[in-house]
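Spelled out from the first residue to the last, the chains are:
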Amino acid sequence: MAWKTIDDMALANKVVLTRVDINVPMEGGVVTDTTRIDKIRPTVEDIIARGGKVVLLAHFDRPKGKVVPEMSLGHVAPALQASLGRKVVFGSDCVGEPARDAIAAAAQGEVVLLENTRFHPGEEKNDPALAAEMAALGDVFVNDAFSAAHRAHASTEGLAHHLPAAAGRLMEAELRALDAALGTPKRPVVAVVGGAKVSTKLELLGNLVTKVDHLVIGGGMANTFLVAQGVEVGKSLAERDMAETAREILAKAKAAGCAIHLPVDVVVAGEFKAGAASKTVAADLCPADQMILDAGPATVAALTKVFEASHTLIWNGPLGAFEIPPFDAATTAAAKMAAALTKAGKLVSVAGGGDTVSALNHAGAATDFTFISTAGGAFLEWMEGKTLPGVAALGA
Ligand code: AMP
């Protein structure tokens, strides 16, 4: 691997500037979901165990370069303190005297939390002067915010050029999982791409067909591919103007030796509503007054065979309109199958991006996947084959 980890750094008596993602949901000034906070614990504990002083840098919400009191990370400090079980010393700015004072005030074993990096306009502009001011506070830089790594900001990218830099534990786990799925995977590799539209996942599909052995296309975007093959899809969500693009993706896949799997049967209904009367028909027999809302059981059976013949699975996007039962059936069945194969040691399964995490949670399958990325945009950009600036900077 091109990047360093905490293990490669001497941290004793060092001030460790640690970029984390603690952009947690909040209501009325109270954190409603501490998942992101809980996930930074291994990195924080490791740095402290190695004798370093942890100084957390993070953004919160979108203050757009201005001080917005409701977006102060001070509101997150109590939840952070509770999750870490360590005293948190808050600094009212992420640079300058308030930051220096907070760092000086914290004893070894206490954690410093600095104010929202995005209160400074230089953060999102990746201003070298701001990065230099941040760098002046510490001795080394640990980036544990994979989910912010697709943005070249002062605290995610710029800072890495000023100090010795390494990946934190969460970043490390994410990079290893992504490498196992698409970098140096055990073949055959199957990718499942679902979701609403082809137009939002063009680059992703274009990249995947050159890297994986099987590509399963599901959800609304499968309708566009069916249309591209001359199939009528009635009232279904389909991007008819993307038909030519879909045909290009199919041709690229063929040239690259990637097998494309489209639904062979589908679940249709007259409207997108809970409890709407639905039936299963062949994929090319959607009635003109109906819409496709899920893949059918024959498709799931075919998919199961592909999963069983594969060693690695990468998944983004649901196979149907999973939020409204019964249109969650195919996504849930396929997710359960992937989870069972993973549990049996037959499959390395990595999933992430947007609705995928909630779809797999809904299926009760998420805990058995090898790795679930909660990174959203960064995960998708990585699936598109893009270099993430925050990761690239760690290898510099
Ligand atoms: P995405 O954010 O692109 O992953 O899309 C996820 C959304 O696609 C979910 O809200 C699903 O309800 C929706 N979706 C999946 N399949 C269909 C379908 N056949 N028709 C309409 N919406 C769908």
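Quick caveat: nothing in here was measured; it's all calculated off a predicted structure. Per chain, the residues get numbers from 1 upward, laid out in the order the sequence is written. Residue-level local features of this predicted model are given only where pLDDT is at least 70; pairs of side-chain atoms are given and counted only at 80 or more, and the full residue set underlies all totals for whole chains, interfaces and linings. Side-chain numbers come from the whole structure's heavy atoms, not from hydrogens or water.

S.K.: For this particular structure, what's the right way to read the packing of aromatic side chains?
M.R.: Aromatic ring pairs are defined here through the distance separating the ring centres and the angle between the ring planes. Aromatic contacts are taken between Phe, Tyr and Trp rings whose centres are within 6.5 Å, Trp giving its six-membered ring; a plane angle under 30 degrees counts as stacked, one over 60 as edge-to-face, and the others as tilted. Taken as a whole and assessed by the stated rule, the structure comprises three aromatic pairs. Relative to tryptophan 382, the ring of phenylalanine 379 has its centre 5.8 Å away and its plane inclined at 45°; by these criteria the two rings are tilted. A residue pair is termed a helical-turn pair when its members lie 3 or 4 positions apart in one helix, as phenylalanine 379 and tryptophan 382 do in helix α14 (residues 377-383) at three residues. By relative accessible area, tryptophan 382 is classed as buried at 17%. In this text, helices come from DSSP runs of H or I with a minimum length of four residues, and strands from runs of E with a minimum of two, each type numbered from the N-terminal end. Three labels apply to residues, based on accessible area from a 1.4 Å probe with only protein chains included: buried if under 20% of the type maximum, exposed if over 50%, partly exposed otherwise in between.

S.K.: Help me understand the layout of surface pockets, please; the structure alone is not making it clear to me.
M.R.: Space left empty within the atom packing is revealed by a probe, the size of a water molecule, rolled over the atoms. Considering only enclosed or pocket space, the largest pocket measures out at about 450 Å³ in volume. Lining the largest pocket are 36 residues, with Gly195, Ala196, Gly219, Gly220 and Gly320 sitting closest to its centre. Secondary structure elements with two or more residues in the lining of the largest pocket: β10 (214-217), α9 (219-228), β14 (291-295), α11 (297-308) and α13 (355-362). Per element, the largest residue contribution to the lining of the largest pocket is five residues, and it comes from β14. The definitions used throughout rest on a 1 Å grid laid over the protein atoms alone, on which a cavity is an enclosed set of points accommodating a 1.4 Å probe that cannot get out and a pocket is an open set flanked by protein within 12 Å on both sides along at least five of seven lines; lining residues are those having an atom within 4 Å of a point. Grid points are joined across faces, edges and corners, and a volume is the space filled by probe spheres set on the points.

S.K.: What am I meant to see in the site of the ligand here?
M.R.: In the vicinity of the ligand there are 13 residues, among which Ala196, Lys201, Gly220, Ile292 and Glu323 approach most closely. Taking lysine 201, its side chain carries an N or O atom lying 3.0 Å from an oxygen atom of the ligand. Measuring from an oxygen atom of the ligand, one finds a side-chain N or O atom of glutamate 323 at 2.5 Å. Here the accessible surface of atoms and residues is derived via Shrake-Rupley with a 1.4 Å probe, and residues count as covered only by protein chains that are part of the display. Relative to its unbound accessible surface of 510 Å², the ligand loses 82% to contact with the protein. The rule for placing a molecule in a cavity or pocket is simple: more than half of its atoms must lie within 2 Å of the grid points. Taking a 2 Å distance to the grid points as the criterion, the majority of the atoms of the ligand fall inside the largest pocket. We call a residue near a given molecule or strand whenever any one of its heavy atoms falls within 4 Å of it. Think of a polar contact as two N or O atoms within 3.5 Å of one another; within protein, one of them needs to be a possible hydrogen donor and the other a possible acceptor, and neighboring residues in sequence only count if both atoms come from side chains.

S.K.: Would you explain helix α12 (residues 329-343) in this entry?
M.R.: An α-helix turns once per 3.6 residues; consequently, residues spaced three or four apart project the same way. In this scheme, a helix's expected span is set at 1.5 Å multiplied by one less than its residue total. Between its first and last C-alpha, α12 extends 21 Å over 15 residues, near the 21 Å set by a 1.5 Å rise per residue. Among all positions of α12, only Ala330, Thr331, Thr332, Ala334, Ala335, Ala338, Ala339, Leu341 and Thr342 are buried. Throughout, a residue-residue contact means that at least one pair of heavy atoms, one from each residue, lies within 4.5 Å. Residues of α12 that are buried make contact with β14, α11, β15 (312-316), β16 (348-352) and α13. Downstream of α12 by one or two residues, glycine 345 has phi in the positive range, about 80°.

S.K.: For this particular structure, what's the right way to read unusual backbone geometry?
M.R.: Leaving glycine out, the prevailing phi sign among residues is negative, and the prevailing peptide bond configuration is trans. Going from arginine 187 to proline 188, the amide bond is cis rather than trans, its omega being 0°. For proline 188, the location among the structural elements is in the loop between α7 (169-183) and β9 (189-193). With an omega of 10°, the peptide bond running from proline 325 to proline 326 counts as cis. Here proline 326 shows up in the loop between β15 and α12. Not every positive phi belongs to a glycine, and aspartate 61 is a case in point at roughly 60°. Phi at asparagine 126 is positive, roughly 55°, even though this residue is not glycine. Following the sequence through the fold, asparagine 126 ends up in the loop between α5 (121-124) and α6 (128-135).

S.K.: How do you make sense of the sheet that holds strand β17 (residues 371-373) when you look at a structure like this?
M.R.: Paired through their backbone hydrogen bonds, the strands of a sheet run either parallel or antiparallel. Strand pairing requires that DSSP identify at least two bridges connecting the strands. Overall, parallel pairing links the six strands, which are arranged β11-β10-β9-β15-β16-β17 in an open sheet. Only two strands of the sheet have a single neighbouring strand rather than two, namely β11 (259-261) and β17. Strand-to-strand, the axes of this sheet are offset by a mean angle of 15°, without reference to chain direction. Direction of pairing for β9 relative to β10: parallel, over a ladder of four bridges. Bridging across to β10, valine 193 finds its partner in isoleucine 217. Helix axes are fitted only over the stretch in contact, all axes being lines through C-alpha atoms; the angle between N-to-C directions runs from 0 to 180 degrees.

S.K.: Is there a simple way to explain the pairing of β14 in this structure?
M.R.: Remember that side chains alternate between the two faces of the sheet whenever the strand is regular. Counting buried residues in β14 gives five out of five residues, a clear majority hidden from the surface. Bridge analysis of strand β12 (residues 265-269) against β14 gives four bridges, and the strand direction is antiparallel. Paired with valine 267 across the two strands is aspartate 294, which belongs to β14.

S.K.: Can you help me understand the side chain of asparagine 316 in this one?
M.R.: Mapped onto the elements of the fold, asparagine 316 is located in strand β15. A polar side-chain atom of asparagine 316 sits 2.8 Å from a polar atom in the side chain of lysine 201. One polar contact links the side chain of asparagine 316 to the main-chain carbonyl oxygen of glycine 352, over a distance of 2.9 Å. Setting aside anything within four residues of it in sequence, one finds asparagine 316 in contact with Val192, Val193, Gly194, Lys201, Leu204, Gly352, Gly353, Thr356, Leu380 and Met383.

S.K.: Looking at this structure, how should I read the pattern of salt bridges?
M.R.: Note on pairing: side chains with opposite charge can pair once their charged atoms come close. Any carboxyl oxygen of Asp or Glu that lies within 4 Å of a side-chain nitrogen of Lys or Arg is treated as forming a salt bridge with it. The full count for this structure, using the stated rule, is 14 salt bridges. In this structure, arginine 176 and glutamate 172 form a salt bridge, with 3.1 Å as the shortest nitrogen-oxygen distance. You can see arginine 176 and its partner glutamate 172 sitting in helix α7, four residues apart, about one turn around the helix. Judged by relative accessible area, arginine 176 falls into the partly exposed class, the value being 40%. Overall, the relative accessible area of 10% leaves glutamate 172 in the buried class. Salt bridges linked by common partners bring Asp7, Asp46, Arg50, Arg169, Glu172 and Arg176 together as one network.

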